[in-house]
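# Reading the structure
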Amino acid sequence: MAIPEWAVEQVKRQLRDVAAQLKNPEAVQQLRDRAGEWLQELPQAAREAWQQARDGAQAGPGRRPGSALGTAVVNASGVFYGGAVSATPVAAAAVAAGTDNLASFRTARHSSRDWFEQEASRVARRVGCERMLVASGVEAAVWALAEVAKRRRATVLVPRCCAIALAGGMSLPEWLVAAGASVREIGSNDGLDAEQWKRADAGERDVLLVAEDPARLGLVGSQVQCTLVSLIRGASVEPLGGDVSPAPPTFAQLLDGATDMVITSGGGLLGGPECGLIMGRRPVLDEIAATELWSIIQADAATQTMLLVAAQRAAGKATERATPVAELLETSIDNLRHRAENLCTRLAAADESDGGVIRRCLVTDRPARLVAGAPYEVSSRQLRLQHVTLSPQSWAAQLLDQTPAILADVDDDALVLDLRWVDAAQDAALASALVGGLQIAN
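Residues numbered from 1 in each chain as written. Predicted model: local features only at pLDDT ≥ 70, side-chain atom pairs only at ≥ 80, totals over all residues. Heavy atoms only, no water.

Scanning all chains against the criterion turns up 14 salt bridges. A salt bridge links K150 to E147, with the nearest nitrogen and oxygen atoms 3.2 Å apart. On the criterion of helical spacing, the pair formed by K150 and E147 is a turn pair, its members being 3 residues apart in helix α7 (residues 138-152). When salt bridges with common partners are traced through the structure, they connect R366, R384, D409, D411 and D413 into a single cluster. (Salt bridge = Lys/Arg side-chain N within 4 Å of Asp/Glu carboxyl O. Helix = DSSP H or I, 4+ residues; strand = E, 2+ residues; numbered from the N terminus.)

Structure representation (structure tokens):
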């Protein structure tokens, strides 16, 4: 009989306590010996916890996980990715794969590009495309596209409505020009209609690069005879759960029409590392891989391994909680409402009338966003707060300098903290940060 999930979690907690408290080498050896007999009888979640105990990988008492150079952030901004959120959590399985890759010896075969191609081909077929490449970053992937256009002696056509700013600050057309491509902006700032596209008179070898789902431009596949590339910030391997509306497109949906290639970040919705993920039809990606530039700008072996694992898990069943965003989307609106009301109750102990710093606290129900600047919304709950002495702007800046840093939004005269992307385990740290260390009731 399968062990219930709550029992597995209880076992994991107890095992962590035991592993942290054991000091006697003989007791540790006994734990390792007995764990080997139990591993086959436990579900995967508990098995991983036992494996950590056997290998001595459990952090010691008082040790804080994470890098000393990094800063823990509670993302209460209401936006999962984009804007002030430049990077998102990486799936635990992907982190483990990258760590193993860096911490182990590797043969020439397992370090070769042929090995990666074999594994990537399997993943590509699972997600509905023909080939997958991983560049060191999104900008590098766009640079590779410019290199292909130069070799073709073709023009890269960019709709004016898609002249977005890249992470480095340059606009998409500026970056392509810097890469040496011949670039022509078409359409208007409001969009690109069929008549404007007809006047562009694109050749068969030219490239149309759009910074969104091409379907939103209203162009049908028969109208686009050149290579169509979508640079998109919000794409998923499988349809996301939850009540996201509209749902971001999947790679299979994007490549089902006239789109030949999709460029996106390996982070964000995919739960992988920050890198440039290129997916699409084999002829176009073969052109990129054949350039001399590609060997320079492709991602390192550890990043590619992490991306492969993240993509494999994202292509699995939703119940596996494959990605961080998928797990957060599982949180029900009732759960968010209860947490918001509980936080308001706790913050009441820091009310202005009691010598605290909170003047006002309200629970609101605005939607949260998956990607900044994109229409993908999901229901949520927020705390709308006013400080006794600080302006919302000053308060937000102060919270961002704390540890953990609190990423919040400012709306008129209030500080807004959205709970959709906040893990329930972070609620206590959030409440403590809001009252400046004042002791409040739990």
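Don't stop here, the text continues.
With that settled, consider the side chain of S380. Among the secondary structure elements, S380 is positioned in the loop between β12 (377-378) and β13 (382-387). Residue S380 is classed as buried on the basis of its relative accessible area, which comes to 1%. Separated by 2.6 Å, the side chains of S380 and D418 make a polar contact. Among the polar contacts made by the side chain of S380, one reaches the main-chain amide nitrogen of R420 at a distance of 3.4 Å. Excluding residues within four positions of it along the chain, S380 makes contact with I333, L336, T364, D365, R366, P367, A368, D418, L419 and R420. (Buried < 20%, exposed > 50% of the residue type's maximum accessible area, 1.4 Å probe, protein only. Polar contact = N/O pair within 3.5 Å; in protein donor to acceptor, adjacent residues only side chain to side chain. Contact = heavy atoms within 4.5 Å.)

Before going further, it helps to examine the packing of aromatic side chains. Describing an aromatic ring pair means giving the distance of the ring centres and the angle of the ring planes. This model, assessed by the stated rule, comprises 2 aromatic pairs. On the basis of an interplanar angle of 70° and a centroid distance of 5.0 Å, the ring pair of W143 and W175 is categorised as edge-to-face. Linking W143 in helix α7 with W175 in helix α8 (residues 172-178), this pair joins segments that are 32 residues apart in sequence. (Phe/Tyr/Trp six-rings, centres within 6.5 Å; stacked < 30°, edge-to-face > 60°.)

Looking now at the sheet that holds strand β10 (residues 358-364). The 4 strands are arranged β10-β13-β16-β15 in an open sheet whose pairing can be described as antiparallel. Because the sheet does not close on itself, it has two edges, and the strands there are β10 and β15 (409-411). Put simply, the sheet's adjacent strands are angled 30° from each other on average, direction ignored. Across 4 bridges, the pairing between β13 and strand β16 (residues 414-418) is antiparallel. Bridging across to β16, L383 finds its partner in L417. (Pairing = 2+ DSSP bridges. Axes fitted to C-alpha atoms, helices over the stretch in contact; angles between N-to-C directions.)

Their axes nearest at 11 Å, the elements helix α15 (residues 333-347) and helix α17 (residues 427-434) cross at an angle of 35°. Note that α15 runs across α17; the crossing there is right-handed. In this structure, α15 contributes R339, L343, R346 and L347 to the contact, and α17 contributes D427, A428, L430, A431 and L434. Partitioned by chemical class, the residues of the contact of α15 with α17 number 6 nonpolar, no polar and 3 charged. (Left-handed = near helix turned anticlockwise from the far one by under 90°. Nonpolar A, V, L, I, M, F, W, Y, C, P; charged D, E, K, R; others polar.)

Across its 15 residues, α7 extends 22 Å between first and last C-alpha, which sits within 8% of the 21 Å expected from 1.5 Å per residue. A large share of α7 lies buried, amounting to 11 of its 15 residues. Along α7, the positions that sit buried rather than exposed are V138, A140, A141, V142, A144, L145, A146, E147, V148, A149 and R152. (Expected span 1.5 Å × (residues − 1).)

Within the open sheet, the 7 strands sit side by side as β3-β9-β8-β7-β6-β4-β5. Their pairing is mixed. With one partner strand each, in any of the chains shown, β3 (131-135) and β5 (182-186) form the two edges of the open sheet. Averaged over all neighbouring strand pairs, the angle between strand axes comes to 20°, with direction disregarded. Sheet analysis places strand β8 (residues 261-265) next to strand β9 (residues 276-280), joined by 5 bridges and oriented antiparallel. Counterpart to T264 in the pairing with β9 is L277.

Atom-level detail of predicted coordinates should not be read off regions where pLDDT is low. Per-residue pLDDT for the chain averages 82, and the proportion of residues at 70 or more is 78%. Element-level pLDDT for the chain is lowest in helix α3 (residues 44-55), with a mean of 48, against a maximum mean of 97 in α7. Contacts for the low-pLDDT stretch residues 53-69, under 50 throughout, to residues beyond four places or in other chains number 14 contacts. (pLDDT = per-residue confidence, 0-100.)

As a rule of thumb, soluble globular proteins bury nonpolar side chains together. L176, W197, L208, L209, M261, I263 and I278 are the most contacted members of the largest nonpolar core, which has 44 residues in total. It is α7 that contributes the most residues to this core, 9 residues altogether. Look past the residues within four positions of I263 in its chain and what remains in contact with it is V138, A141, V142, V229, S230, L231, I232, L277 and I278. One finds L254, A311, L328 and A368 within the second-largest nonpolar core, a separate group that totals 40 residues. (Core = buried A, V, L, I, M, F, W, Y, C linked by side-chain atoms within 4.5 Å.)

Right, let's talk about unusual backbone geometry for a bit. The linkage connecting S245 with the following residue, P246, adopts the cis geometry, with an omega of -10°. With respect to the helices, strands and loops of the structure, P246 is situated in the loop between β7 (227-231) and α10 (251-256). Here the amide bond leading from T403 into P404 is cis, since omega sits at 0°, within 30 degrees of zero. Summarising the element assignment, P404 is placed in the loop between α16 (392-400) and β14 (405-407). Positive phi outside glycine occurs at D412, with the angle close to 55°. Relative to the helices and strands, D412 resides in the loop between β15 and β16.

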